[in-house]
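Geometric and topological summary
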Amino acid sequence: MTLRHFLRSTLVPVAMLFCLCTASASPAAEYTSSNPLILKMQTMFMPAHAVIKYGLAPWAEEIKTKSGGRLIVEIYNPNTICPEGDIYDAVRDGILDIGVQATQRVKGIFPLSNVIDLPFMFPGAEIAARTFNELAAEFPELKAEYEGTEVLTFWDGCPYQLHTKDKPINTVADLKGRKIGGVSTATAVPFIESLGASALNVPLADLYVAMQRGQIDTVLAPFPTLVSAKIYEATNYSSIINALSGGVYMVMNKDVLSAMPEDLRKILLDSAGPELGRKVAAGIDRSSNEDLAIALEAGQKLNEIPKSEIQAAFASTQHIVEDWISDCEKQKGQGEVARAIYNRALELSAKYSAESGIEWNLK
């Protein structure tokens, strides 16, 4: 047994027991603005990220205001309380009160949830968040993947686009032979290769240099990366393809939640749920538009790939969907459920896209 496992198996249960006893013995009246109940939340995002800036920081402030300062959510940067890859386990085990992490961060843990990461699912983050939360409500098998914790909400990042220097991407054929970098998700590599290109795993901070040196000739990344990684200084064109995005979950320790005074628990839960996911995602879309505006002001040219070409790319990536369904069957015997979830996700995406004035129905 490693030291880490020993500490987790011995100290954590003791700490959880102490916290539970303390919380359950404290009546609501004991929590005041000068002696608040503090919940520790760690995410995968830095403070300047749209998820924090436009989503979770205002949410934490809302809870503080509604509780009269009696309930405080403290937001911690990545890797401060626990390693980023351990966020879910840390919440389940009581090391964290609340955690936020990508569904793909630990391979094989949330197979059904990874429907959100399949190709060409969504044209925007808010549309994706509405779909993700609806799927969790309709399919208990999906929500059961988080049964060790209390789900507060789900959302999704903004879609990934293609950024090039020499010419814009207009057809699937334009991608053949290209060297594409910028994405490291499990879905990205087979996606890129299915379109006849080569996938290179280039860290975000190195994308600009990799483009300048000719190590890659195309970047697959969301619009905010144009600014944060200075990609717009190394490229001239951004072609809209809405290729991929990344699902995110927000969960809370069940014991901590149940030990909270009823009024504070109600404030927390009433402020969470699908509407919170939608607000966070709306902030992501807002940030995406802000960063795109900066890039356009600097001279970046925006190009829309014809729908017929996106439909052709959609068809050529269906083997990725079938592989995902096969994985769900192998892992949990849930192949049929996975297919039903995928088909419903496409329906919901088309519905919420239409409500947003966007035509997005590729099937």
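Starting afresh in each chain, residues are numbered from 1 along the sequence in its written order. In view of the model being predicted, local features appear only for residues whose pLDDT reaches at least 70, and side-chain atom pairs are presented and counted only at 80 or more, with totals across whole chains, interfaces and linings using the full set of residues. Calculated side-chain values reflect all of the structure's heavy atoms, with hydrogen atoms and water omitted.

Only runs of H or I of at least four residues qualify as helices and only runs of E of at least two qualify as strands under DSSP, and these elements are numbered from the N terminus. Within the protein one finds 14 helices and 11 strands. The C-alpha atoms of the protein give 21 Å as radius of gyration, which agrees with the globular expectation for 363 residues (21 Å, within 12%). Taken along the three principal axes of its C-alpha coordinates, the protein extends 65 × 45 × 45 Å. Between buried and exposed lies partly exposed: a residue is buried under 20% and exposed over 50% of the maximum accessible area for its type, with that area taken using a 1.4 Å probe on protein chains only. The buried share of the protein, taken over its 363 residues, is 51%. Here a residue-residue contact requires only that any non-hydrogen atoms of the pair lie within 4.5 Å. Taking all contacts inside the protein whose residues are at least 6 apart in sequence as the whole, residues at least 24 apart take part in 77%. The Shrake-Rupley method, run with a 1.4 Å probe sphere, supplies the accessible areas, and residue values consider only the shown protein chains as cover. About 16,100 Å² of surface is accessible on the protein, with carbon and sulfur atoms providing 54% of the total. Each radius of gyration reported is based on C-alpha atoms, and the globular scaling rule is 2.2 Å times the count of residues to the power 0.38.

For the rest of this paragraph, the subject is the confidence of the model for the protein. As a per-residue measure, pLDDT tells how confident the predictor is, with possible values from 0 to 100. Within the protein, residue pLDDT values average 91, and 91% of them lie at 70 or more. The low-confidence segment residues 1–29, where pLDDT is below 50, has 27 contacts with residues more than four positions distant or belonging to other chains.

At a closest axis distance of 7 Å, the pairing of helix H2 (residues 50–66) and helix H11 (residues 274–297) adopts a crossing angle of 145°. Classified by chirality, the crossing of H11 by H2 is right-handed. For the pair H2 and H11, the contacting residues are Ala 50, Val 51, Tyr 54, Gly 55, Leu 56, Trp 59 and Glu 62 in the first and Leu 276, Lys 279, Val 280, Gly 283, Ile 284, Arg 286, Ser 287 and Glu 290 in the second. Under the scheme applied, nonpolar residues are Ala, Val, Leu, Ile, Met, Phe, Trp, Tyr, Cys and Pro; charged residues are Asp, Glu, Lys and Arg; polar residues are all the others, including Gly. A per-class count over the contact of H2 with H11 returns 8 nonpolar, 3 polar and 4 charged. Lines are fitted to the C-alpha atoms to define the axes, a helix being fitted only along its stretch in contact, and any angle between axes, read from their N-to-C directions, falls within 0 to 180 degrees. Each crossing is labelled by how the near helix is turned from the far one, with a counterclockwise turn of less than a right angle marking it left-handed and a clockwise turn marking it right-handed.

All right, on to the nonpolar core then. Most often, soluble globular proteins keep nonpolar side chains buried together rather than apart. If you look at the biggest cluster of nonpolar residues, it comprises 60 residues, and the most contacted ones within it are Val 115 and Tyr 146. Within the residue set of this core, elements represented by two or more residues are helix H3 (87–92), helix H4 (125–138), strand S4 (150–156), helix H6 (188–194), strand S10 (247–252), helix H12 (307–316), helix H13 (318–332) and helix H14 (335–355). Sequence-distant contacts of Val 115, defined by excluding residues within four places in its chain, comprise Met 121, Leu 135, Trp 324, Ile 341, Tyr 342 and Ala 345. Take the buried Ala, Val, Leu, Ile, Met, Phe, Trp, Tyr and Cys residues and link them wherever side-chain atoms come within 4.5 Å; each set so joined is a nonpolar core. With 33 residues, the next largest nonpolar core counts Ile 52, Leu 71, Val 248 and Ala 281 among its residues.

Before going further, it helps to examine the pairing of strand S3 (residues 98–102). Most of S3 is tucked away, with 5 of its 5 residues classed as buried. On S3, burial covers both faces: Ile 98, Val 100 and Ala 102 on one face and Gly 99 and Gln 101 on the other are all buried. Sheet topology note: the S3/S10 ladder contains 5 bridges and is antiparallel. Counterpart to Val 100 in the pairing with S10 is Met 250. Two strands qualify as a pair provided that DSSP identifies no fewer than 2 bridges between them.

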